[in-house]
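Next come the chains, spelled out residue by residue.
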Amino acid sequence: MAQTIGQGRQNQADPFGSFRRECVVALKTAYSSLQQTSEHSLTDMSIESTIEDPPNPTFGHLASSLSFELARIQKKKPIEIAKTLAEITRQLSKLNLIESIEATEPGYINFRANLTKLTELTLKSIQQTGPNYGLLKTEAPERTIVEHTSANPARPIHIGTAKNSIFGDTLARLLSARGHIVRTHFYIDDTGRQVAIMAYGYKLLGEPTPVGKPDHYVGKIYSVTATLIEIEELKKRLTLLKKTNLSDMDIVATTKSLDEWVGIAADLRSKYPAEFDQLGKLISLDPDPENSIRELIRKYEKKDPATTALMRRVSRTVLIGFEETLRKARIRFDQWDWESDLLWTGRVAELLERLKESGFTFNKGGALELDVAKTVEKFGLREKLNISPTFEIPSLTLTRSDGTSLYATRDIAYTLYKFERADRVINVIGTEQSLAQLQVKTAFWITGHRKETENFIYFPIGHLMLEGQRMSARRGRYVTFDQVLDETISRAKSEVDKRSPNIPDEIRQRVADRIAISAVRYAILSVEAIKSTNFVWDKVLNFEANSAAFINYAYTRSSGILRKLGKISQPKELNLLIDPGEQALILELSKFPETFSKAADDLNPTLLTLYVNLLAQRFHEFYEKSDISHLSNNELKWQRVELVLAVRTVLKTLAELLGLELAERM
RNA sequence: GGGCCGGUAGUCGAGCCAGGACCAAGACGGCGGCCUGCGGAGCCGCAAAUCGUGGGUUCGAAUCCCACCCGGCCCGCCA
């Protein structure tokens, strides 16, 4: 909690945070008084870190365990110290948001908030600042680049990659709301083998105009081409192995792999018979397909005009499909960076020169290697980069023996590029890349960016399994993001049809879209990014508690109340909201600023999904218990309406942060 | 062999970084209640947890340290 207690944000409303700061100040005052009178010498200590949330409301709203620490030094019982501290605190402090300070067994000091004042502060702040309530601005804004998704433009975005997109997009929303200058970048990995294979197949077919969604159409060509070539290569290797008779183990493994690919091929053939047979014929006419692909890669790196035109054309076709999918999920990018540009502008070559000059590279069979381990030892980076002392860091191949570059090399160049434009770079990438990210980071350090290395942030995304099965894009075993969105929309549509038959179909469709998109985003965000999770349809399609629909339903209910009321009036005061359900709801609202800033600073969107669910839950409880529209006591009615309006404001802000879309009716 | 990350009720999953009232949040599933007043996609209640295992540190450990076990991932002239 310590880092959420900042100075200099007096002008920004943070009701619960203000209460917390008041408790800290009061306790600090009491502690320094104790320091002067105590016969034992008491060192300065962090009062903030002793402040915690009590387990239940009967203990107040915040508590301190300071007495337990002091008990040891003073050789007294914690409860006695607690009583003394509570007494001094009460005497010395001017209490504003604190209602009471009490010492309780076994030695806690419990602070109770003055709920009348907290209510007024919270509701007035929300009323005055509206959509800005809670979005505490950082005191140190940073130009931040969030790179995410960066899917290979060779096949549609699948649900595993979508997890990456959703977290990346949400992080950007959070940081931007926190006051950072954020830009999202999509890194188009177009110089690798996969795009070359895709272009090869596409070219063989005579560059057809896509039928249906372009990424799906071209993705199909890629899968078929890649499979056919894989089989060709495996067959060749098997023949070679049998001829040289080197190792039975290799033969067995290759045969097994071949069998697997033949199975995949059969599957693809049944799905896309026309393309499969056509490509099969065309590829068999090529004496050396593998070489054709290598040629494409080589020529593209050299920016050969015809090759460049082809590669860019086919990549762009796929990217149009990506954009459509991402737009559907409310994900947008500020910039699309072509990996090939890094080569053509000489950035990669420049980087290689710098690395060579550093003296940490060596030649291995014509390939250029970076001695990462040596670098780490030389500069004592183990501690700095948090590397285990027994870990032998492998070297990193920078260029192939034919001189062409590799992904990691280009990624280092890209890192330099990004840091020319930002103070902080966040890479949202799967956990399987953790070693690669470490190597890139180390190389970045070598290039002289010592200070910036601290702001190189790897945000790992845990693997997403599909109903217990590992997804494999290469093997065509995956569910696309489009499928998930479409399925969820159709499911949401039938729910809306069932529950709200009286609204026009056009609106029902729009509502279903919103509920579905939100449901998918919420389901992904509600589990921490790093955890590997199992994608289960039931969870995404669940519209009950702890889902986006549950949150939307709170909003819809509030809309219902307002609709029923028609014209609304301002209450004279805010002194009648004393029901426990109301107070619990207000307390939750008062904590939003702290929750938001912690979520943004810790890069933890999941925290906000938990919070928004809790807020919705408190609202539903309030709704069930407190009448509004049929109240005869007008003052109470308008006070409750004020609370409803406040909840709506905060729900809308949260929806904006998480990329959820709220429907008035559902 | 080495490394990284995870392990919390039948299932999913917060809390762990900054140890404290933890007889551990919340959800799904199970069981039982609540609609002649703002929409039941809701609310109320019950049952369900050796916090992976074993040690250690501490007045106090789900949380910190050590060892081990299980699961995922990585250690390519792939990306």
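How each quantity is defined
- Residues numbered from 1 in each chain as written.
- Chains lettered and ligands numbered in written order.
- Predicted model: local features only at pLDDT ≥ 70, side-chain atom pairs only at ≥ 80, totals over all residues.
- Heavy atoms only, no water.
- Salt bridge = Lys/Arg side-chain N within 4 Å of Asp/Glu carboxyl O.
- Helix = DSSP H or I, 4+ residues; strand = E, 2+ residues; numbered from the N terminus.
- Buried < 20%, exposed > 50% of the residue type's maximum accessible area, 1.4 Å probe, protein only.
- Phe/Tyr/Trp six-rings, centres within 6.5 Å; stacked < 30°, edge-to-face > 60°.
- Pairing = 2+ DSSP bridges.
- Axes fitted to C-alpha atoms, helices over the stretch in contact; angles between N-to-C directions.

### Points about the pattern of salt bridges
- This structure, assessed with the given rule, holds 46 salt bridges.
- Two residues, Arg 312 and Asp 190, come together in a salt bridge whose shortest N-O distance is 3.9 Å. On the criterion of sequence distance, the pair formed by Arg 312 in helix H11 (residues 305-328) and Asp 190 in the loop between strand E6 (181-188) and helix H6 (193-204) is long-range, its members being 122 residues apart.
- Overall, Asp 190 belongs to the buried group, its relative accessible area being 0%.
- The partner of Lys 328 in a salt bridge is Asp 486, with the nearest N and O atoms 3.3 Å apart. A residue pair is termed long-range when its members are at least 10 positions apart, and Lys 328 in helix H11 and Asp 486 in helix H18 (residues 481-499) qualify at 158 residues.
- Each of Lys 213, Asp 215, Lys 328, Asp 482 and Asp 486 takes part in salt bridges that share partners, so that together they form one network.

### Comments concerning the packing of aromatic side chains
- As enumerated under the stated definition, the model contains 20 aromatic pairs in all.
- Aromatic pair Phe 167 and Phe 459: ring centres 6.3 Å apart, planes at 40°, arrangement tilted. You can see Phe 167 sitting in helix H5 (residues 159-177) and its partner Phe 459 sitting in strand E12 (residues 456-461), a full 292 residues away along the chain. Each member of the pair, Phe 167 as well as Phe 459, is classed as buried.
- Consider the rings of Tyr 187 and Tyr 414, whose centres lie 4.1 Å apart with planes at 15°: the pair is stacked. Pair noted here: Tyr 187 is in strand E6 and Tyr 414 is in helix H16 (residues 407-419), with a separation of 227 residues, a long-range link.
- Judged by relative accessible area, which is 1%, Tyr 414 ranks as buried.
- Here the aromatic cluster, defined as three or more aromatic residues joined through ring pairs, consists of Tyr 133, Phe 592, Phe 596 and Tyr 611.

### Digging into the sheet that holds strand E8 (residues 361-364)
- Within the open sheet, the three strands sit side by side as E8-E9-E10. Their pairing is antiparallel. A single partner strand is all that each edge strand has here, and the edge strands are E8 and strand E10 (396-399). Taking each pair of neighbouring strands and ignoring which way they run, the sheet shows an average axis angle of 40°.
- Pairing between strand E9 (residues 367-370) and E10: three bridges, direction antiparallel. Its bridge partner being in E10, Leu 368 is matched across the sheet by Thr 399.

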